[in-house]
Amino acid sequence: MTSEDTVPAPLRRLWRLGESSRLGRPAALDVDLVVAAAVETADRDGLDGVTLPKVAKGLGVTGMSLYRYVGSKDELLVLMGDHALGAPPRFDTGDWREGLRAWARAQRAVYRQRPWLARLPVTGPPSGPHRIAWMEAALAILARTPLDWAHKIGTLSLIGGYVAQTARQDQDLARGRAEGQEQADAERAYGRALVKLVDPERFPETARLFSSSLFEAGPGEASDAEQGNASDADFAIGLELILDGIATRIEHPGRG
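Residues numbered from 1 in each chain as written. Predicted model: local features only at pLDDT ≥ 70, side-chain atom pairs only at ≥ 80, totals over all residues. Heavy atoms only, no water.

(A) A nonpolar patch on the surface, seen in detail. A cluster of nonpolar side chains, namely Leu-11, Trp-15 and Leu-17, defines an oily patch on the protein surface of about 240 Å² accessible area. Turning to its location among the elements, Trp-15 is positioned in the loop between helix H1 (9–14) and helix H2 (31–45). (Patch = residues over 30% accessible without salt bridge, like charges linked within 9 Å, V, L, I, M, F, W, Y side chains within 5 Å. Areas by Shrake-Rupley, 256 points an atom, 1.4 Å probe, with all protein chains shown as cover. Salt bridge = Lys/Arg side-chain N within 4 Å of Asp/Glu carboxyl O. Helix = DSSP H or I, 4+ residues; strand = E, 2+ residues; numbered from the N terminus.)

As structure tokens, then:
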């Protein structure tokens, strides 16, 4: 038995390890073709539109024939996620904070290009070649810090989870806005309506919030850290708070 034989079949397919040769004619399909068709379906119809029968129909085969290449719908989603995420860009910086900031923004850009990626269920730790490449990129950024492995992995999980969560939130807020309405306009309308409803005696701090200029500010005024629309400004604020916490742990590694 070779070392490759001990790797579970889903991981062999994820890493495109060679399958044992079969007798008969060469297969008309392979894992790459199936995954590419599924990704194309998700790009067009969203994640809910991806079904094995629909993918099979697009490939001109029966749904059952796909099980020769993917073990289940769940496995197909893992294959799709790794394929669609792609390889990370190069992060040529010696500063860990700027590196992690760029790493987070690069992932956010991928989620904007393919919104369905943020909707994929999390069924385990990173295991595909592209997700491992993103992990490697972040670990390389953190290599010059005194953080131990547990804190490095915690940092990756925290920032990666934040990027995915804000991507999902942006999508949900976009669906809730009136057609053609920008996020900044929606927030402005929200603040103006709530200031009339929130009782200062019952909710004193919240009333002060809605009476402030926060909801009247344009997206460029909301944060100096990142120019763009309101969601970009909110994303930048949250990311900087996370990075502040990581900086504290780097400066005081023995705490906690």
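(B) Seen up close, the packing of helix H7 (residues 149–176) against helix H11 (residues 230–251). Between H7 and H11, the least distance of the axes is 11 Å, while the angle of their chain directions is 170°. As summarised for this structure, H7 and H11 are arranged roughly antiparallel, according to the angle between their axes. Handedness of the crossing formed by H7 with H11: right-handed. Contacts between H7 and H11 involve His-151, Thr-155, Leu-158, Ile-159, Tyr-162, Val-163, Thr-166 and Asp-170 from the former and Ser-231, Asp-234, Phe-235, Gly-238, Leu-239, Ile-242, Leu-243, Ile-246 and Arg-249 from the latter. Across the contact of H7 with H11, the residue classes tally to nine nonpolar, five polar and three charged. (Axes fitted to C-alpha atoms, helices over the stretch in contact; angles between N-to-C directions. Parallel < 35°, antiparallel > 145°, perpendicular 65-115°, else oblique. Left-handed = near helix turned anticlockwise from the far one by under 90°. Contact = heavy atoms within 4.5 Å. Nonpolar A, V, L, I, M, F, W, Y, C, P; charged D, E, K, R; others polar.)

(C) Seen up close, the nonpolar core. Residues Leu-76, Met-80, Trp-103, Trp-116, Ile-159 and Ile-246 are the most contacted members of the largest nonpolar core, which totals 55 residues. Secondary-structure elements contributing two or more residues to this core are H2, helix H3 (52–59), helix H4 (73–85), helix H5 (96–113), helix H6 (129–142), H7 and H11. The contacts of Met-80, once residues within four sequence positions are left out, are Val-35, Ala-38, Val-39, Ala-42, Leu-47, Val-50 and Trp-116. (Core = buried A, V, L, I, M, F, W, Y, C linked by side-chain atoms within 4.5 Å. Buried < 20%, exposed > 50% of the residue type's maximum accessible area, 1.4 Å probe, protein only.)

(D) Seen up close, H3. Within H3, the full set of buried residues consists of Leu-52, Val-55 and Ala-56. Along the axis of H3, the buried positions cluster into a sector of 100°, meaning they face one direction only. What points out from H3, more than 90 degrees from its buried face, is the exposed set Pro-53, Lys-57 and Gly-58. Tucked inside the fold, the buried residues of H3 contact H2 and H4. (Arc of directions from axis to C-beta.)

(E) Expanded view of the packing of H2 against H3. Here H2 crosses H3 at 110°, and the two axes come no closer than 9 Å. Taken together, H2 and H3 sit at an angle that is classed as roughly perpendicular. Seen along the crossing, H2 lies across H3 with a hand that is right-handed. Packed against H2, whose contacting residues are Leu-33, Val-34, Ala-37, Ala-38, Thr-41 and Asp-45, the element H3 presents Lys-54, Val-55 and Leu-59 at the interface. The residue makeup of the contact of H2 with H3, split by class, is six nonpolar, one polar and two charged.

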